[in-house]
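# Close look at the chain arrangement
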Protein chains: 2
Amino acid sequence: MSEGAPASDVRPGAAAAGTAIASPRVSLATGEEVVPTVTSDLVDGIENAIESGDEAAARSAAAALHAADLADLLLRLRPESRPALVRILGDGLDPDVFGYLDEDVRDALVAQIGPTATAKLVAELDSDDAVYVVEDLDAEQKRRVLEALPLGDRALIEQGLAFKEESAGRLMQRELVAVREFWTVGETIDYMRASADLPDDFYNIFVVDGQWRPIGVVPLSRLMRTRRPVTVADIMFRDVRTVSVDTDQEEVAFLFRRYGLVEVPVVEAKGRLVGVVTFDDLVEVVEEKASEDALHLAGVEADAPARDVLRTAASRFTWLFVNLATAILASAVIALFEETIERTVALAVLMPIVASMGGNAGTQTLAVAVRALATRQVLGGEGWRLIAKETMVGTLNGASFALVCGAVAWAWTGSVAIGSIMGMALVANLVVAGLAGAAIPLALERAGVDPAIASGVFLTTVTDVVGFFAFLALATLLLL
Amino acid sequence: MSEGAPASDVRPGAAAAGTAIASPRVSLATGEEVVPTVTSDLVDGIENAIESGDEAAARSAAAALHAADLADLLLRLRPESRPALVRILGDGLDPDVFGYLDEDVRDALVAQIGPTATAKLVAELDSDDAVYVVEDLDAEQKRRVLEALPLGDRALIEQGLAFKEESAGRLMQRELVAVREFWTVGETIDYMRASADLPDDFYNIFVVDGQWRPIGVVPLSRLMRTRRPVTVADIMFRDVRTVSVDTDQEEVAFLFRRYGLVEVPVVEAKGRLVGVVTFDDLVEVVEEKASEDALHLAGVEADAPARDVLRTAASRFTWLFVNLATAILASAVIALFEETIERTVALAVLMPIVASMGGNAGTQTLAVAVRALATRQVLGGEGWRLIAKETMVGTLNGASFALVCGAVAWAWTGSVAIGSIMGMALVANLVVAGLAGAAIPLALERAGVDPAIASGVFLTTVTDVVGFFAFLALATLLLL
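Residues numbered from 1 in each chain as written. Chains lettered and ligands numbered in written order. Predicted model: local features only at pLDDT ≥ 70, side-chain atom pairs only at ≥ 80, totals over all residues. Heavy atoms only, no water.

### So, the overall build of chain A
Helix and strand counts for chain A come out as 21 helices and eight strands. Relative to the compact-globule value of 23 Å for 480 residues, chain A shows a C-alpha radius of gyration of 29 Å, a clear excess of over 25%. Taking the principal axes of its C-alpha atoms as reference, chain A extends roughly 90 × 65 × 50 Å. Expressed as a percentage of the 480 residues in chain A, the buried residues total 58%. For chain A, restricting intrachain contacts to residue pairs at least 6 apart in sequence, the fraction spanning at least 24 positions comes to 68%. Taken as a whole, chain A presents about 18,200 Å² of accessible surface, with 57% of it coming from carbon and sulfur. With 39 positive and 67 negative side-chain charges, chain A shows a spacing of 6 Å between the two charge centroids. (Helix = DSSP H or I, 4+ residues; strand = E, 2+ residues; numbered from the N terminus. Rg over C-alpha atoms; globule rule 2.2 N^0.38 Å. Buried < 20%, exposed > 50% of the residue type's maximum accessible area, 1.4 Å probe, protein only. Contact = heavy atoms within 4.5 Å. Areas by Shrake-Rupley, 256 points an atom, 1.4 Å probe, with all protein chains shown as cover. Lys, Arg positive; Asp, Glu negative; His and termini not counted. Charge placed at Lys NZ, Arg CZ, Asp CG, Glu CD.)

Below, the structure is given as structure tokens:
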């Protein structure tokens, strides 16, 4: 990739001078809130400028934005206004914006500017960002953009695409600084001063042997503080944490998080250094995983704010359909006891309480288990400990709520029998909820299924069926 | 703080030579899985060594671990074995382990080794880690540890503690490298080589004016590649993204994530540079927030694997109690229609389906809205757009499931009327679910309440009440 200006913490001083639009500013803290750069005022201002044909104002306001903010601006604009702004920006469009865009918005952008212009922008990115952009294009767009790329860039991107999705090979950038162990600090610094083809940002120098295998690492802050004649071998850390090109990105994220790493070198099968994954890619992986868990537990596959209503509804339909099947199963259980309910209608009034309490207690356990697995607070072999603990927690809370709910049911219906039935059914359901809430995600994890995505269905099925059955069966036994 | 060995990506070559215990190794990727350093075998090996009195084996295995792994090991040991291992390690205990420990385990450790030894370890940490450790101690322990600290360290930590919790002031480390704009690259490098009191790791040089206000930043990789006579002013980036000491940590995390930052300088009220927040602290904030959202949506406040059964049960009780109140409210709605149910028991069988579908559809919307707010994909002013979209999604899926469920109910009961009632109630409940699922978290956010923590109760109350009421009221109107 050709080398651009360092895409660093800060942008080179390109302040927006005298625009007619609420001036986009570098985020500054005022008291507690960081003022977002892309305010509703900025969005409205640009919408108005586009509508009224004031292209100069729209261009200068948008061109002054960081790529991340420009991507956010495009997302917030009305879909009709996006192509207009992209056209107005023309060659001034920051290539980095591609890396920040939603897939839907990006596809539309690529379709608009065409493969040649896209290829020109992609060629300016670091290799990891270039792969990130190209991998999600549809097959036809991908082929055209690749064809329009310079050969060298194309080869690097095709190599990146050859690694499997969500692997370290996909995430890594190829640009890195590697030296031999017998180099001096002075030679290393001179090499970096002379070389034009370094990554935009880097934090470590990697030390390799004759076969290009990593044997050490020197943080820049350490190199910086060492006198020129010292050899690299004398200051390098020898235990290098590496990952392979095939390592799953969540495994890589685990290493970063656990050890507070800023970069992890990536090696191929023979141990040769081929790239480096940097922390900023991993922050996204970590957050996406946690967000996904929250969404999956709620029965949402993924969600993009830019997605239209019809596709959003369709994406949620499947899960609701599965839920319907389990709800019908629960209703079938109730149907077994129609006769009991007909005689004592109060049972129909009270039975949702048992199911609801079980569902909620089980969901608590489920969320805890899913996050403990995701953050590796619980390893596979220790699952029995979690199950035991959660079952005991369920038993304790089951006993507490048996007393509370039993009393409520007694007071409400005036029947000691119904109060007792309520209490017994609650204990049973909360014990099962704790057991199932811990065991289901552990079993799914062991079976190689993401525990967040399917646990909820199984769990509510269990707590609904057990809740209704325990309550109504006990009532049938004791009341009839 | 005194300066230790760089706590960098890698540990200086302290390999564990010839221990009797499954040798802890630096994590290496084998194919796809990163082998966790702290395996069940290692835990068992150390448990056995402690039990059999083989202190040398336990010491050498544990001492070779990275602080993060040692913390993990302590967590995984049986609670009885923890003090034994700490005693065996003695002065060899890595101070950094404090920063990685669960609060419960850390409190026990501090109680065991006493305030003087704790103070000695804390004095070796960077100021942000020191504050992180001291802030969570109970009042008595905190007083004693502070008293045992050297005056300079104590002052720094007390200043850190004076900032409010979860603020940039709490997170920042005071150690940083700042120079004036007229320094040359050569002078800057010489200064760093000569200075003993630099942070363990750093990635940027901050440029300040005469009042110590940040006016620029130079990434080390840029400094490194510039010739010695060039002045810092010529290579610095002038737009510095700063936060104030009072900025909330989630706002800081937003900046880091949005712009892929590695460090953010922190300024006090007059704009003077007082510290720097680094990316590794923020990865934790980002992940904790997303994890918290997943847990809060499931009705769990927070959870520590080391917490005992009784305290875990107690921590979940409150939420279950709130859920009970809402379940009783829903039952009260059902009770209004006892007479209707008595005449047509099939209604009791079918009514949970309506409530369940509404609850699930609403939860989908809720999770999406909560994450969109947390990641700022939706800003306050744009809430109406989210509400409109989700209400339409609810309408679409409501219509689809009205057909499906209406048909099921008709087939099951043989009554067209009950099928129609089912369909109408479902549409009503899914529309309300979409509306409430989006509106509730937005309203809570506006009111300054964490939308993840309280949304669930309100939502299921709404969908249960609306679900049961719509279904039974329609039945009362149409069947009687």
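### Focus on the interface of chain A and chain B
Taken together, the contact pairs 145 residues of chain A with 144 residues of chain B. Of the roughly 13,100 Å² buried between chain A and chain B on both sides combined, carbon and sulfur atoms contribute 61%. Between Asp72(B) and Arg258(A) there is a salt bridge, with the nearest N and O atoms lying 2.7 Å from each other. In the side of chain A that touches chain B, the residues fall into 79 nonpolar, 28 polar and 38 charged. (Buried area = accessible area lost by both parts, 1.4 Å probe. Salt bridge = Lys/Arg side-chain N within 4 Å of Asp/Glu carboxyl O. Nonpolar A, V, L, I, M, F, W, Y, C, P; charged D, E, K, R; others polar.)

### Some thoughts on helix 4 (residues 81-89) of chain B
Residues and elements named next belong to chain B. Within helix 4, seven of the nine residues are buried, which leaves it mostly tucked inside the rest of the structure. What helix 4 keeps buried is the set Ser81, Arg82, Ala84, Leu85, Val86, Ile88 and Leu89. Once helix 4 finishes, Gly90 follows within two positions and takes phi at roughly 55°, a positive value.

### Digging into the packing of aromatic side chains
Aromatic ring pairs: the centre-centre distance and the angle between the two ring planes describe each pair. Tallying each qualifying case throughout the model produces 14 aromatic pairs over all chains. Consider the rings of Phe321(A) and Phe401(B), whose centres lie 6.4 Å apart with planes at 40°: the pair is tilted. With Phe321(A) in helix 16 (residues 309-335) and Phe401(B) in helix 19 (residues 383-413), the pair connects residues from two separate chains. You can call Phe321(A) partly exposed: its relative accessible area is 41%. Here Phe401(B) falls in the buried class, since its relative accessible area comes to 0%. An angle of 65° between the planes, with centres 5.7 Å apart, marks the rings of Phe337(B) and Phe469(B) as edge-to-face. Of this pair, Phe337(B) sits in the loop between helix 16 (309-335) and helix 17 (338-343) while Phe469(B) sits in helix 21 (residues 451-479); the two residues are 132 residues apart in sequence, bridging distant segments of the chain. Of the residues examined, Phe469(B) reaches a relative accessible area of 42% and is grouped as partly exposed. An aromatic cluster is defined as three or more aromatic residues linked by ring pairs; in this entry it consists of Tyr203(A), Phe279(A), Tyr203(B) and Phe279(B). The ring of Tyr259(A) has Arg241(A) sitting right over it, with the charged end atom 3.7 Å from the ring centre. (Phe/Tyr/Trp six-rings, centres within 6.5 Å; stacked < 30°, edge-to-face > 60°. Lys NZ or Arg CZ within 6 Å of the ring centre and 35° of its normal.)

### Looking at the sheet that holds strand 7 (residues 263-267) of chain B
All names here are of chain B. Across the sheet, which stays open at both edges, the three strands sit in the order 6-7-8 with mixed pairing between neighbours. Because the sheet does not close on itself, it has two edges, and the strands there are strand 6 (243-244) and strand 8 (273-278). Relative to strand 8, strand 7 runs antiparallel, the two sharing five bridges. Directly across from Val266, in strand 8, lies its bridge partner Gly275. Those strands touched by helix 14 (residues 249-259) are strand 6, strand 7 and strand 8, and its axis lies near 65° from that of strand 8. (Pairing = 2+ DSSP bridges. Axes fitted to C-alpha atoms, helices over the stretch in contact; angles between N-to-C directions.)

### Remarks on the domain arrangement of chain A
Residues and elements named next belong to chain A. Split into domains, chain A comes out as domain 1 (29-163), domain 2 (178-295) and domain 3 (309-479). The gap between the C-alpha centroids of domain 2 and domain 3 is 48 Å. Contact with domain 2, which involves six residues of that partner, is made by seven residues of domain 3. Between domain 2 and domain 3, roughly 570 Å² of surface is buried when both sides are summed, and carbon and sulfur atoms account for 43% of that area. The interface formed by domain 2 and domain 3 holds zero salt bridges in total. (Domains from an automatic or database assignment.)

### Focus: a nonpolar patch on the surface
A cluster of nonpolar side chains, namely Met424(A), Leu477(A) and Leu478(A), defines an oily patch on the protein surface of about 330 Å² accessible area. Mapping Leu477(A) onto the fold places it in helix 21 (residues 451-479). (Patch = residues over 30% accessible without salt bridge, like charges linked within 9 Å, V, L, I, M, F, W, Y side chains within 5 Å.)

### Points about the sheet that holds strand 3 (residues 178-180) of chain A
All names here are of chain A. Spatially, the three strands line up as an open sheet ordered 3-4-5, and their pairing is mixed. One side of each edge strand has no neighbouring strand; the edge strands of this open sheet are strand 3 and strand 5 (214-219). If you compare each strand with its neighbour and ignore which way they point, the axes differ by 35° on average. Two elements, strand 4 (residues 204-208) and strand 5, share five bridges in a ladder whose sense is antiparallel. Counted as the bridge partner of Val208 is Pro214 from strand 5.

### Some thoughts on the relation of the copies chain A and chain B
Superposition of chain A onto chain B requires a rotation of 180° combined with a translation of 0.0 Å along the rotation axis, giving an RMSD of 0.1 Å. When the rotation and shift are considered jointly, the pair of chain copies conforms to a two-fold rotation axis. Taking C-alpha positions as the reference, the residue of chain A nearest the rotation axis is Ala294(A), at 2.1 Å. A shared binding surface is used by both copies, with 99% of the interface residues of chain A retained as interface residues in chain B. (Least-squares fit on C-alpha atoms with pLDDT ≥ 70 in both.)

### Re unusual backbone geometry
Residues and elements named next belong to chain A. If you check the backbone angles, Glu166 has positive phi at about 60° while not being a glycine. Judged by relative accessible area, Glu166 falls into the partly exposed class, the value being 44%. Located in the positive-phi region is Trp212, a residue other than glycine, with phi close to 65°. Note on Trp212: relative accessible area 37%, which makes it partly exposed.

### Comments concerning the side chain of Glu390(B)
Residues and elements named next belong to chain B. Examined against the element boundaries, Glu390 turns out to sit in helix 19. According to the relative accessible area criterion, Glu390 is buried, its value standing at 1%. Here Thr365 takes part through its side chain, which lies 2.9 Å from a polar atom of the side chain of Glu390. (Polar contact = N/O pair within 3.5 Å; in protein donor to acceptor, adjacent residues only side chain to side chain.)

### Digging into a negative patch on the surface
Residues and elements named next belong to chain A. Where like charges cluster on the molecular surface, the negative patch consists of Glu165, Glu166, Glu250, Asp280, Glu284 and Glu288. Ranked by residues supplied to the negative patch, first place goes to helix 15 (residues 279-297) with three residues. Topologically, Asp280 is positioned in helix 15. A residue is classified by how much of its surface remains accessible, and Asp280, at 30% relative accessible area, is partly exposed.

### A look at the packing of helix 15 of chain A against helix 15 (residues 279-297) of chain B
It is the contact of helix 15 of chain A with helix 15 of chain B, at a shortest axis distance of 7 Å, that shows an interaxial angle of 10°. If you check the angle between helix 15 of chain A and helix 15 of chain B, you find them roughly parallel. Along the contact surface, helix 15 of chain A presents Phe279(A), Val283(A), Val286(A), Glu287(A), Ala290(A), Ser291(A) and Ala294(A), while helix 15 of chain B presents Phe279(B), Val283(B), Val286(B), Glu287(B), Ala290(B), Ser291(B) and Ala294(B). A class-by-class count of the residues in the contact of helix 15 of chain A with helix 15 of chain B yields ten nonpolar, two polar and two charged. (Parallel < 35°, antiparallel > 145°, perpendicular 65-115°, else oblique.)

### Points about the environment of Met422(A)
Residue and element names in this part refer to chain A. With respect to the secondary-structure elements, Met422 resides in helix 20 (residues 416-446). Residues Met422 and Val408, 14 residues apart in the sequence, show an inter-C-alpha distance of 9.3 Å. Each residue touching Met422, except ones within four places of it in the same chain, is listed here: Leu350, Ile353, Val354, Cys405, Gly406, Ala409 and Phe471.

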